[in-house]
Amino acid sequence: MSKRNIAILIPAHNEAKVIQKTIDAALLVVSKKDVYVVDDGSTDNTPNIAIVELGQNVITISTRGGKAEAMSAAFNYFNLINRYNYIMPIDADTVISVDFIKNTLPILKRDTKKQIACVVGKVMGVNHRWITTYRVWEYEIAQSIHKHAQSIEDAVIICPGCSTVYRSEIFKKIQIPTGTLTEDMDLTFLIHREKLGKIVYNGESKVITQDPAYIKDYVKQLNRWYTGFWQCLIKHNIPWGGQMLDFEVGLIALEGLFNGILVASLIFLIPFVLKINPLILAIPAGVDFFLFMIPTVIYTGIKNKIYHIFLYIPFFYFLRFLSSLIFLYCFMKVVLSFDLKMTWYKAARY
């Protein structure tokens, strides 16, 4: 029996406010029979919405086990690995673009030697508040520059859980890993470690995701992301694995720690520095502003047609400093056992 082309799998927990849009967008790019939902112990109307749209292509897990376990359960229940050539898991708050599959699958199909394990698309946010505008800027720089370069180096550090198409065959060799708060990064590191193939970034394949709109949700999300980052470093013995991944992730970790320590130091030392010589702060701040912030903000504003983005530059600096402090805190929490409490956080839906 020949395999079907691609399955879209949507793991969901209490996503009644957003899952309808996600399903509708998926149905514009693949057949109804190729969209699946695994309800991970929801207590709201999530499973009912999914069943109305997809019928038997919905499985409900009574006790919540987390995204990784939910996906593995769906793989087994629907036999997706053996029935499909490719699998695309997407988050339940993701709207996939109508040409995502058209722009992605040819890359995998041209790879007749099957050297590519997966193709990563571009994640885009929705601009409606200053925090989400910051995330649009952050996505643009992280993907157009950093992820593009990582793809060339064969050192992509994360296959986002909302924008990646995998060869189904790789899941015959590995299981979706558990034990960290960032299962998508954990899976990415595992693909590198097991040498399952290249990870290719394609900026023409796009999805829109929902980002935190309020500081409280933003902090919670970063706490989860950065906690998972340090968990993955420890779990996969980075930077001691001898791969380009180790070099790339090592640089990111060092840069993040440097920025966190710098910001923490400034909070305590800035009154003394200003008293001694204000130029000590003015010169590096000016270099960052004119050589990094202004060019990248112009680029993001033009490309995303957000022409009022300059108004948010002071807020961007605030969020950059806040992110650096959270990164440092998560390092202390995970690596130095400063705080062992690890919780799954999710932004409020709207």
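The structure reproduced in this document is the subject of the present report. (Residues numbered from 1 in each chain as written. Predicted model: local features only at pLDDT ≥ 70, side-chain atom pairs only at ≥ 80, totals over all residues. Heavy atoms only, no water.)

## Looking at the overall build of the protein chain
Heads up, the condition is: A helix here means a DSSP run of H or I that spans at least four residues, while a strand means a run of E at least two residues long, and both kinds are numbered starting from the N terminus. C-alpha atoms define the radius of gyration, and 2.2 Å times the number of residues to the power 0.38 defines the globule rule. Think of it in three bands: residues with accessible area under 20% of the maximum for their type are buried, residues over 50% are exposed, and the middle band is partly exposed, with areas taken using a 1.4 Å probe on protein chains only. In what follows, a contact means two residues having at least one pair of non-hydrogen atoms within 4.5 Å. Here the Shrake-Rupley method, with its probe set to 1.4 Å, supplies the accessible areas, and only the displayed protein chains count as covering residues. This count recognises Lys and Arg as positive and Asp and Glu as negative, with His and chain-terminal groups excluded. To locate a charge, the coordinates of NZ of Lys, CZ of Arg, CG of Asp or CD of Glu are taken.
The secondary structure content of the protein chain amounts to eleven helices and eight strands. Its C-alpha atoms give the protein chain a radius of gyration of 21 Å, within 12% of the compact-globule value 20 Å for 350 residues. Within the span of the protein chain, comprising 350 residues, buried residues form 52% of the whole. For the protein chain, long-range pairs separated by at least 24 residues make up 77% of all intrachain contacts whose partners lie at least 6 apart in sequence. Carbon together with sulfur atoms contributes 63% to the accessible area of the protein chain, which is approximately 16900 Å² in total. Separation of charge centres in the protein chain, based on 37 positive and 29 negative side chains, amounts to 3 Å.

## So, the environment of Asp 288
Along the polypeptide, Asp 288 turns up in helix H10 (residues 279-304). With relative accessibility at 21%, the residue Asp 288 sits in the partly exposed group.

## So, the pattern of salt bridges
Pairing between side chains becomes possible if they bear opposite charge and their charged atoms approach one another. Going by this rule: For salt bridges, the criterion is a side-chain nitrogen of Lys or Arg within 4 Å of an Asp or Glu carboxyl oxygen.
Inspection of the entire model under this criterion finds 13 salt bridges. Residue Lys 235 is joined to Asp 186 by a salt bridge in which the shortest nitrogen-to-oxygen separation is 2.8 Å. With Lys 235 in helix H8 (residues 215-235) and Asp 186 in helix H7 (residues 183-193), this pair connects stretches of sequence that are 49 residues apart. Accessibility expressed as a relative area gives 0% for Asp 186, which makes it buried. Among the ionic contacts, a cluster of salt bridges with common partners joins Lys 67, Asp 91 and Glu 183.

## Things to note about the packing of aromatic side chains
For any pair of aromatic rings, the description rests on two quantities: the centre-to-centre distance and the angle between the ring planes. Keep this limit in mind: In this scheme Phe, Tyr and Trp rings, the latter by its six-membered ring, pair at centre separations within 6.5 Å, and the angle between planes marks the pair as stacked below 30 degrees, edge-to-face above 60, and tilted otherwise.
The final tally for this structure, using the stated rule, is 19 aromatic pairs. Pairing Phe 229 with Phe 327 gives two aromatic rings, centres 5.5 Å apart and planes at 45 degrees, and the pair type is tilted. Of the two residues, Phe 229 is situated in helix H8 and Phe 327 in helix H11 (residues 313-334); the sequence distance between them amounts to 98 residues. A relative accessible area of 4% means that Phe 229 is categorised as buried. Taken together, the ring pairs in this structure connect Tyr 134, Trp 137, Tyr 218, Phe 292 and Phe 316 into an aromatic cluster.

## So, helix H1 (residues 19-27)
Rules: Our arc is simply the arc of the directions from the helix axis toward the C-beta atoms.
Restricting attention to buried positions, one finds in H1 the residues Ile 19, Thr 22, Ile 23, Ala 25 and Ala 26. Angular distribution of buried residues about the axis of H1 spans 165 degrees; they occupy a single face of the element. Along its buried surface, H1 packs onto strand E1 (4-12), strand E2 (35-40), helix H2 (46-54) and strand E5 (94-96).

## Quick word on H8
Where we set the bar: One fewer than the residue count of a helix, multiplied by 1.5 Å, yields its expected span.
Taking 1.5 Å as the rise per residue, H8 with 21 residues should run 30 Å; its terminal C-alpha atoms sit 30 Å apart, in good agreement. Asn 237 sits one or two positions beyond H8 and adopts a positive phi of about 55 degrees.

## Examining the pairing of strand E4 (residues 84-89)
As a reminder, the rule being used: Any two strands between which DSSP finds at least two bridges are classified as paired.
With five of six residues buried, E4 lies mostly within the body of the structure. Sheet topology places E1 next to E4; five bridges connect them, and they run parallel. Across the sheet, the residue bridging to Ile 6 is Tyr 86, located in E4. Where E4 meets strand E7 (residues 164-167), two bridges bridge the pair, whose relative direction is antiparallel. Bridge pairing in E7 places Tyr 86 opposite Arg 167.

## Overview of the pairing of E7
What you see with E7 is no split at all: Thr 164 and Tyr 166 on one side and Val 165 and Arg 167 on the other are buried throughout. In this sheet, E7 lies alongside strand E6 (residues 116-124) in antiparallel orientation, the contact comprising three bridges. Within E7, the position partnered with Cys 118 by the bridge is Tyr 166.

## Points about the nonpolar core
Our working rule: Among buried residues, the Ala, Val, Leu, Ile, Met, Phe, Trp, Tyr and Cys ones that are joined through side-chain atoms within 4.5 Å form a nonpolar core.
Among the nonpolar cores identified, the biggest contains 38 residues, and Trp 137, Phe 189, Phe 229, Trp 230, Leu 233, Val 249 and Phe 316 are the most heavily contacted of them. Where this core is concerned, the elements lending two or more residues are helix H6 (130-153), H7, H8, helix H9 (244-276), H10 and H11. With eleven residues, the single largest contributor to this core is H11. Setting aside anything within four residues of it in sequence, one finds Val 249 in contact with Ile 157, Phe 189, Phe 229, Leu 233 and Ile 238. If you look at the next biggest cluster of nonpolar residues, it comprises 34 residues, including Ala 12, Val 29, Val 37 and Ile 90.

## Here we look at the packing of H8 against H11
Pairs of packed helices are described in terms of their axes, by the angle between the two and the distance that separates them. Our working definition: Between N-to-C directions, angles cover 0 to 180 degrees, with each direction set by a line fitted to C-alpha atoms, over the stretch in contact for helices. Orientation categories follow fixed angle ranges, with anything under 35 degrees roughly parallel, anything over 145 roughly antiparallel, 65 to 115 roughly perpendicular, and all other angles oblique. The handedness criterion is simple: a crossing whose near helix is rotated anticlockwise from the far helix by less than a right angle is left-handed, and one whose near helix is rotated clockwise is right-handed. Side-chain classes follow a simple rule in which Ala, Val, Leu, Ile, Met, Phe, Trp, Tyr, Cys and Pro form the nonpolar group, Asp, Glu, Lys and Arg form the charged group, and the remainder, Gly included, forms the polar group.
Where H8 meets H11, the axes come as close as 9 Å, and the angle between the chain directions of the two elements is 45 degrees. For the element pair H8 / H11, the angle class is oblique. Between H8 and H11 the crossing geometry is right-handed. Touching Ile 215, Tyr 218, Val 219, Leu 222, Asn 223, Tyr 226, Thr 227, Phe 229, Trp 230, Gln 231 and Ile 234 of H8 are Phe 318, Leu 319, Leu 322, Ser 323, Ile 326, Phe 327, Tyr 329, Cys 330, Phe 331, Lys 333 and Val 334, all from H11. Class assignment for the residues of the contact of H8 with H11 results in 17 nonpolar, four polar and one charged.

## Considerations on a nonpolar patch on the surface
What counts is decided by this rule: In this analysis, a patch consists of residues with relative accessible area above 30% that form no salt bridge, clustered at 9 Å for like charges and at 5 Å for the nonpolar side chains Val, Leu, Ile, Met, Phe, Trp and Tyr.
Together, Ile 267, Phe 268, Leu 269, Phe 272, Ile 276 and Ile 280 line one region of the surface with nonpolar side chains, adding up to about 700 Å² of accessible area. When you line up the elements, Leu 269 lands in helix H9.

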